[in-house]
Every structure is written in structure tokens, then in C-alpha cells.
Amino acid sequence: MSENILTVKDLKTYFYTASGIAKAVDGVSFNIAKGETMGIVGESGSGKSVTSSSIIRLLPPRTGKIVGGSIEFEGKDVLALSKKELNDFRGKDIAVVFQDPMTSLDPVFKIGKQMTEMIMAHQNVTKDEAWKMAVEALNKVGIPEPEKRMNSYPYELSGGMCQRVIIAMAVCCKPKLIIADEPISALDVSIQAQVLNLLHDLQERFDLTYLFISHDLSVVEMISDRIAVMYLGFVVETAPKEALYKTPLHPYTQALLSAVPIPDPRYQQDRIILEGDIPSTISLPKGCPFATRCKQCKAVCMENRPETKEVEPGHFVACHLYD
């Protein structure tokens, strides 16, 4: 087993709003081994993106705050980094591929200018050297005529092309970990497959490590080695993907998997319909976060938050059903 490149323990990230304290991430723990792809899934509002933003400490300065837990990257305390160390950490050690490629790029600057400025900010190279590195990166991600694309504006490229540019920017500084936050949700299905294949190829060629965030369980199954399921700022289940899809333990995971469409009209799938909405993070349930929507809820679920237990080797679940 490879050593862990990232370790997150009991992370708590709160937002201080006029309506109250929103506990967006409330005790998240997981680790990522070097060279693996860790997937995080869950409904909108489950805290997936806030978790990734907390790892790179990219939170709203006035309202967002990490109030507890630890984040270690290769044994280094991320929460103790100075502003200068943090700037070096972002992009050099960890890079991010955001959800919407059309808003990740500045529409008024050419691709070449944006890429060279990013490279020069993280590496001690000249402008000409940065330009060559950018062209080479565009070539690696399969963009035709990379020299020509360097002189294009983002609006002149398709969504799939822009996402390839974002991925090229992420890999050209040779980061050790790439956080892909919903990187294909804004793309057509055919383009999604191309981007996923590209990410997989780049991982094999450059020994990359991924934290892949998505609400699409089919996509996560395709690219991930292990998967963490989040609900209301809390990790309810973590397992290798084969175990998670074959024997899901938590009622929430079971409900999510039952909603995945299977393209076979002869297959009759039993759907688990969850009633109600996710509770507000400002007024969390006293016990298990999922208790208000769980059909297997017991009295203890309403009173006590379950501890995370290793039910099978590498398969962890936070549920009173396994006490």
C-alpha cells in the first residue's frame, strides 16, 4: 500500500451568516494514497466542494472558516502554512480543475497569456520558456494546433476544449495532487467520456493522484479507486469502489445507487425513494445527519451521531445498524 499523500482528519468548516452558523463540513475524515484516485459523491449541499476548498484554503475570508480538524499534505500541516507558502502550495503541490471551464478562464485574455502567467507564478522560468511549456502541455492534452490555440480567446473554443486547457494548466506545473471538482458536469456526454479518458491517460503517464468530486455515481465508478459518500457535511461510508457498488452498507449509499439508471429495459430495478429534503446546515439534526430521511431509522439514530466503523477490510461506515 502506498503512503498517504493527503490526510484529512475530523475537518470542520463553518460559514458565519446573518441567519446563523452553517456547518457545511462537520467532521470529515479521509486519506488519499499516492497514485490513487479518491472519489467523493453526494447530493448538492453535502459539502463536497467545501471540503476541496478547505484543502487548498480557498474560502470566503469574512464568512468561511476552518474551525477544527487537520489537513496534512505529505506530512506538512496545510493549516499552518503562511500566505507565501500557501501560494506556492496551490498550483505547485496541488492543482484544481473546477466545474465550469467557461468561467475558470478569463474571457478578455488569450489562452497563452493566462497559461504563461500561471507557469511563471509557480516556476522560475522566462516568458519564452513558459510559452514553450504551455504549448507542450496543450499538446499533451490532445488540443490540435496548440500554437494557434495559444493565441485564441476562451470564447473561441468549445466547452470541451476549454476544459482541456484547464487540465493542461493543472498538469504543466507537475503537481502531486489534482482536485477535480465536478470537472465534466457542464459538458456533453460524449465530451465527458473524452475528458475522463484524458484524465486517466495523464494519471498513468505522470503518476498523478486525484481527488475526484462528482454527484454522478456512474462517472465516479469509472475513474475512482476508492469512494467516500458524503451527506450533510459528514462522510457516511468509504470503501473501494468494487465493495461500495457490490455491497453498499449505509442506507443513503443504497438509495443513491438505486437511482443510477441501467440501460437495459429488461432489468427491473428497485428504487429507494427518499422523502423530504436535506436539512439545513444551520440547524443540523441532533443524531445521525441522515436520520430524518432514513426508512431504517431507530430511536438511537435520532439521539446519537454514529461512529465510523470498519465493517470489512477497507470498508468503513457510520451507521447505528452496524453497532
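Here goes a summary of the coordinates provided.

Cut-offs used in this document
- For every chain, the first residue of the written sequence is number 1, and numbering continues from 1 along that sequence.
- Two thresholds apply to this predicted model, a pLDDT of at least 70 for residue-level local features and 80 or more for giving and counting side-chain atom pairs, whereas whole-chain, interface and lining totals are computed over all residues.
- Hydrogens and waters are ignored; side-chain quantities use all the structure's heavy atoms.
- Every case where a carboxyl oxygen of Asp or Glu lies within 4 Å of a side-chain nitrogen of Lys or Arg is listed as a salt bridge.
- By the criteria applied, helices consist of DSSP H or I runs no shorter than four residues and strands consist of E runs no shorter than two, each listed in order from the N terminus.
- Here the term buried applies to any residue with accessible area under 20% of the maximum for its type, exposed to any over 50%, and partly exposed to those in between, with areas from a 1.4 Å probe on protein chains only.
- A pair of strands is labelled paired if DSSP reports no fewer than 2 bridges between them.
- Only residues whose relative accessible area exceeds 30% and that form no salt bridge enter a patch; like-charged residues are grouped when within 9 Å of one another, and nonpolar side chains (Val, Leu, Ile, Met, Phe, Trp, Tyr) when within 5 Å.
- For the area figures, the Shrake-Rupley method with a 1.4 Å probe applies, and any residue is considered shielded solely by the protein chains shown.
- Between 30 and 60 degrees the pair is tilted, below 30 it is stacked and above 60 it is edge-to-face, where a pair is any two Phe, Tyr or Trp rings, Trp via its six-membered ring, whose centres lie within 6.5 Å.
- Note on criteria: charge over ring means Lys NZ or Arg CZ within 6 Å of the ring centre, with the direction from the centre no more than 35 degrees off the ring normal.

Brief notes about the pattern of salt bridges
And step 1. This model, assessed by the stated rule, comprises eleven salt bridges.
And step 2. Across the pair K76 and D93 runs a salt bridge whose closest N-O atoms are separated by 3.3 Å. Placement of K76 in strand β5 (residues 76–77) and of D93 in helix α2 (residues 83–93) is noted, with a sequence separation of 17 residues between them.
And step 3. In this structure, K286 and E303 form a salt bridge, with 2.9 Å as the shortest nitrogen-oxygen distance. Within this pair, whereas K286 is found in the loop between α11 (251–258) and α12 (299–303), its partner E303 is found in helix α12, the two being separated by 17 residues in sequence.
And step 4. Classification of K286 by relative accessible area gives exposed; the value is 63%.

Points about the sheet that holds strand β1 (residues 4–17)
And step 1. The four strands lie next to each other as β2-β1-β4-β5, forming an open sheet whose pairing is antiparallel. For this open sheet the edge positions go to β2 (20–33) and β5, each flanked by a neighbour on one side alone.
And step 2. Here eight bridges tie β1 to strand β4 (residues 64–73), and the two strands are oriented antiparallel to one another. Across the sheet, K9 pairs through a bridge with S70, a residue of β4.

Digging into a nonpolar patch on the surface
And step 1. On the surface, Y16, I21 and V67 cluster together into a nonpolar patch covering about 230 Å² of accessible area.
And step 2. Along the chain, the position of Y16 falls in strand β1.

Re the packing of aromatic side chains
Think of a pair of aromatic rings as described by two things: how far the centres are apart, and how the planes are tilted against each other in angle.
And step 1. Tallying each qualifying case throughout the model produces five aromatic pairs.
And step 2. Residues F73 and F89 carry aromatic rings whose centres are separated by 5.4 Å and whose planes lie at 80° to one another, so their mutual orientation is edge-to-face. One end of the pair, F73, is in strand β4; the other, F89, is in helix α2, and 16 residues separate them in sequence. Both residues of the pair, F73 and F89, count as buried.
And step 3. Lying over the aromatic face of F234, R305 brings its terminal NZ or CZ to 4.4 Å of the ring centre.

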